[in-house]
Amino acid sequence: MEAAAKPVIKVAALCGSLRKGSYNRSLLRSAIQIGNESVNGMHIEYIDIAPLPMLNTDLEAGGTYPLVVEAFRQKILEADSVLFASPEYNYSVTGPLKNAIDWASRPPNVWADKAAAIVSAGGGFGGGRSQYHLRQIGVYLDLHFINKPEFFLNVFQPPAKFDSDGALTDVATQEKLKEVLLALQAFTLRLQECSDT
């Protein structure tokens, strides 16, 4: 008897950096490629947060939001889980990422009851403090983060992790990224099973 195929889970991928050459954006590009090639039953879609206006409740009218915000909220609502690439700015998440989080948390909160994972790249601790702050934010949003594996990448520590085009070339890092995706997939499916019972 053949094993049942895993359902396809939809993952919304958000990058906290707006910079074209962002290492965190490169991590998401690699995650999408790894997901497509090596993780059966997962579809990752990159969601651009750059077009979102700064949160201003004056832009809300009659329970609706600006069209670009509505489209963003719908993408998050339709996703089964979320993959954040969160660089660290001043020991915390970036302004653009916090703005996106806040827009999607406006009533009704479209983050609620989703599985989530975080990856980060940078110097020193590799963006680790932003991850811990994001986890705190997630408590109020009812986001459920995987605990392990954790993924912090110091991009300035040898060997080189990215090529001159920003592609992730370090095989060990690619494997760690794949482990995060597999853990996110398993946790997402577990949460869905719980909500179905």
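Located above this text is the structure these notes cover.
Residues numbered from 1 in each chain as written. Predicted model: local features only at pLDDT ≥ 70, side-chain atom pairs only at ≥ 80, totals over all residues. Heavy atoms only, no water.

Asks: Explain unusual backbone geometry to me, please; I cannot follow it from the model alone.
Replies: Excluding glycine, most residues fall at negative phi; most peptide bonds, likewise, are trans. The omega angle of the peptide bond from Pro 107 to Pro 108 is -10°, so this bond is cis rather than trans. By secondary structure assignment, the location of Pro 108 is in the loop between α3 (95-105) and β4 (115-122). Look at the link from Lys 148 to Pro 149: it is a cis peptide, with omega at 0°. Along the polypeptide, Pro 149 turns up in the loop between β5 (144-145) and β6 (152-154). Look at Asn 90: it is not a glycine, yet its phi comes out positive at around 55°. Mapped onto the elements, Asn 90 comes out in the loop between β3 (81-85) and α3. Since its relative accessible area comes to 78%, Asn 90 is described here as exposed. The phi torsion at Tyr 91 lies on the positive side, around 70°, for a residue other than glycine. Within the secondary structure, Tyr 91 sits in the loop between β3 and α3. In this structure Tyr 91 comes out as exposed when scored by relative accessible area, which is 57%. (Helix = DSSP H or I, 4+ residues; strand = E, 2+ residues; numbered from the N terminus. Buried < 20%, exposed > 50% of the residue type's maximum accessible area, 1.4 Å probe, protein only.)

In short, shape yes, function no, at least from these values alone.
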